[in-house]
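Examining the three-dimensional arrangement
So you can see what is in the structure, the chains are spelled out below.
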Amino acid sequence: MIAGASVAGLSVAETLRREGFTGRITMIGEEKHLPYDRPPLSKEILSGKWPRERAWLRQPAAIDALGLDLRLGVRATGLDDQARRVRLSDETAADYDELVIATGARARRLPGTGGIAGVHVLRTLDDAFALREQLQMAQRLVVVGAGFLGAEAASVATLGGTEVTLVSDIPAPLADVLGPELGSMLLDVHLAHGVKVLAGTGVRELLVDGGRTHGVRLADGRAVHADAVLVAIGSVPTVDWLAGSGVETGNGVVCDRYCQAAPGVWAAGDVASWEHVGFGERLRIEHRTNAAEQGMAVARNILAGDERKPFTPIPYIWSDQYDLKIQIHGLPRGAEGFAVTEGSSDERSLLALYNRNGAVRAAVGVNRIRATRQARALIAKNTPWTEVVRSG
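Cut-offs used in this document
- Residues numbered from 1 in each chain as written.
- Predicted model: local features only at pLDDT ≥ 70, side-chain atom pairs only at ≥ 80, totals over all residues.
- Heavy atoms only, no water.
- UniProt positions renumbered as here; feature names shortened; annotations may be inferred.
- Buried < 20%, exposed > 50% of the residue type's maximum accessible area, 1.4 Å probe, protein only.
- Helix = DSSP H or I, 4+ residues; strand = E, 2+ residues; numbered from the N terminus.
- Pairing = 2+ DSSP bridges.
- Salt bridge = Lys/Arg side-chain N within 4 Å of Asp/Glu carboxyl O.
- Contact = heavy atoms within 4.5 Å.
- Core = buried A, V, L, I, M, F, W, Y, C linked by side-chain atoms within 4.5 Å.
- Phe/Tyr/Trp six-rings, centres within 6.5 Å; stacked < 30°, edge-to-face > 60°.
- Expected span 1.5 Å × (residues − 1).

As annotated in an unreviewed UniProt entry, the protein is Pyridine nucleotide-disulfide oxidoreductase from Amycolatopsis bartoniae. Per UniProt, the comment on the protein under Cofactor (unreviewed entry) is "FAD".

For a regular strand, side chains alternate in direction, first toward one face of the sheet and then toward the other. The buried fraction of strand E22 (residues 272-276) amounts to four of the five residues, a majority that puts the element mostly inside the structure. In the sheet, E22 pairs with strand E23 (residues 281-283) via three bridges, with the strands oriented antiparallel. Paired with Glu275 across the two strands is Arg282, which belongs to E23. Counting the residues in the hairpin turn of E22 and E23 gives four residues, including Gly280, whose phi is positive at 70°.

Once that is clear, we can look at the UniProt feature "domain: FAD/NAD(P)-binding" (unreviewed entry) in the protein. Cross-referencing UniProt, the feature "domain: FAD/NAD(P)-binding" (unreviewed entry) maps to residues 2-295 in the present numbering. Across residues 2-295, helical content stands at 24% and strand content at 30%; the span's end C-alpha atoms are separated by 10 Å.

Turning our eyes to something else, we now look at the pattern of salt bridges. One pass over the full model with this rule turns up 22 salt bridges. Arg85 serves as the salt-bridge partner of Asp95, at 2.6 Å between the closest nitrogen and oxygen. Here Asp95, found in strand E6 (residues 93-95), pairs with Arg85, found in strand E5 (residues 85-88); they are 10 residues apart in sequence, far enough to count as distant. When its relative accessible area of 36% is taken as the criterion, Arg85 is described as partly exposed.

Before going further, it helps to examine the UniProt feature "domain: Reductase C-terminal" (unreviewed entry) in the protein. Within this structure's numbering, the places UniProt gives as "domain: Reductase C-terminal" (unreviewed entry) are residues 316-385. Along residues 316-385 one finds 19% helix and 53% strand; the C-alpha atoms at either end are 20 Å apart.

With respect to the secondary-structure elements, Thr383 resides in the loop between helix H9 (369-380) and helix H10 (385-388). The contacts of Thr383, once residues within four sequence positions are left out, are Gly358, Ala359, Val360, Ala377, Leu378 and Val388.

Take the nonpolar core next. In terms of nonpolar packing, the biggest core is built from 64 residues, with Val86, Leu99, Ile101, Val247 and Val253 touching the most fellow members. The element that contributes the greatest number of residues to this core is helix H1 (residues 7-18), accounting for six residues. Those residues in contact with Leu99 that lie beyond four places of it in its chain are Met1, Ala3, Leu79, Val86, Gly264, Val265 and Trp266. Listed in part, the 48 residues of the second largest apolar core include Tyr36, Leu41, Ala157 and Val366.

Evaluated as defined, the whole model comprises three aromatic pairs. For the ring pair Tyr316 and Trp318, a centre distance of 6.0 Å and an interplane angle of 25° mean the geometry is stacked. Overall, the relative accessible area of 22% leaves Trp318 in the partly exposed class. When the centroid spacing of 5.1 Å and the interplanar angle of 65° are considered together, the rings of Phe338 and Tyr354 count as edge-to-face. Of this pair, Phe338 sits in strand E26 (residues 337-344) while Tyr354 sits in strand E27 (residues 349-356), placing them 16 residues apart in sequence. On the accessibility criterion, Phe338 (30% relative accessible area) is partly exposed.

The next thing to look at is helix H8 (residues 288-304). For an α-helix, the turn length of 3.6 residues means that residues three or four places apart are oriented alike. Here H8 spans 24 Å end to end across 17 residues, near enough to the 24 Å set by a 1.5 Å rise per residue. Along H8, the residues that are buried comprise Thr289, Asn290, Ala291, Ala292, Gln294, Gly295, Ala297, Val298, Ala299 and Asn301. Phi turns positive, to about 65°, at Gly305, one or two residues after H8.

Glancing now at the pairing of strand E11 (residues 163-168). Most of E11 sits inside the fold, with five of its six residues counted as buried. Relative to E11, strand E10 (residues 140-144) is paired through five bridges, and the arrangement is parallel. Paired with Leu141 across the two strands is Val164, which belongs to E11. In terms of strand pairing, E11 meets strand E12 (residues 196-199) through four bridges, oriented parallel. Its bridge partner being in E12, Val167 is matched across the sheet by Leu198.

Put into structure tokens, the structure is as follows:
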């Protein structure tokens with residue numbers, strides 16, 4: 001059984017079939033939509049470039065060909081790991097021999113903002129269309145959060161003619177991930193496109209009148225008026241339904257190096273926290289490529305028995321902002337060293353490497369697709385920092 005019908009869940013199902021599994025596969029999904037891709041939500045879907053169907057991961061015929069017991073519009077509400085049974089929101093249950101938890105994550109919200117008109121999050125296809133419709137009428141938008149989602153949504157809204165204010169407690173967009181130099185570059189790019197960036201401050205409360213927001217009040221007391229507010233302050237792994245089961249949770253479903261959480265229970269995608277033996281730390285990664293790769297790895301380990309293999313990917317994510325294609329291999333957050341080895345921030349075209357524990361830990365490219373792809377090998381080989389960055 002697969003709990004979750006997005007990238008990770010579909011990847012598990014497809015890999016099981018491709019590897020020759022002919023048994024029953026039950027897959028449940030909380031949303032009523034066919035499995036769809038999430039990265040386009042803050043890009044092509046929000047901008048209106050794509051219709052809804054373009055985000056589907058597979059066409060209906062391809063889904064049908066998998067022979068799934070597919071139950072959409074149903075979520076998992078509880079787990080009895082001893083009986084190997086998952087309770088569902090439609091008051092039924094599903095038994096399993098092996099369970100893959102792929103329930104992903106839900107958008108983190110500002111406290112007390114539920115039910116207020118004009119307040120949006122951007123996690124689902126319906127969220128994207130609701131915000132897209134709002135932007136057709138809104139003249140001013142406040143985006144709370146300057147991570148990947150907030151920065152991408154700000155760029156789309158600005159290019160669409162909306163006046164955008166980007167509010168964040170970090171000093172520049174993505175500065176917590178990419179570091180101060182590239183964060184400063186992105187700040188300059190957003191400012192050049194007319195985005196008003198209020199950095200180093202949080203939001204104290206929403207401004208509300210008649211059940212509708214008209215902006216936010218910052219932690220320092222300033223008021224920022226707007227027709228709509230997008231809250232993009234991260235997400236929370238969907239693990240509440242596992243309370244009382246034998247499956248350990250914390251920052252996600254706690255798994256071993258094989259992505260196994262308990263006998264007969266596995267996890268993949270945004271919800272999975274596993275031991276990455278290559279990097280020597282526990283990771284939970286909320287990126288599309290990881291979800292697909294982890295789904296494949298889990299399916300193969302289920303079928304492999306004693307021949308299972310640790311899941312040791314090199315994480316990859318990309319971000320499109322204005323005319324910038326930002327690609328990230330590895331883990332730049334928390335790096336001990338940084339060097340631009342090609343191009344420059346002024347050119348808006350560069351390759352940067354990140355050092356941790358004396359080795360290349362990450363590579364970030366801005367409009368340098370080929371060079372960034374080639375730099376991935378430096379991470380895979382655990383290349384010593386001194387071999388690629390000369391002192392002096």
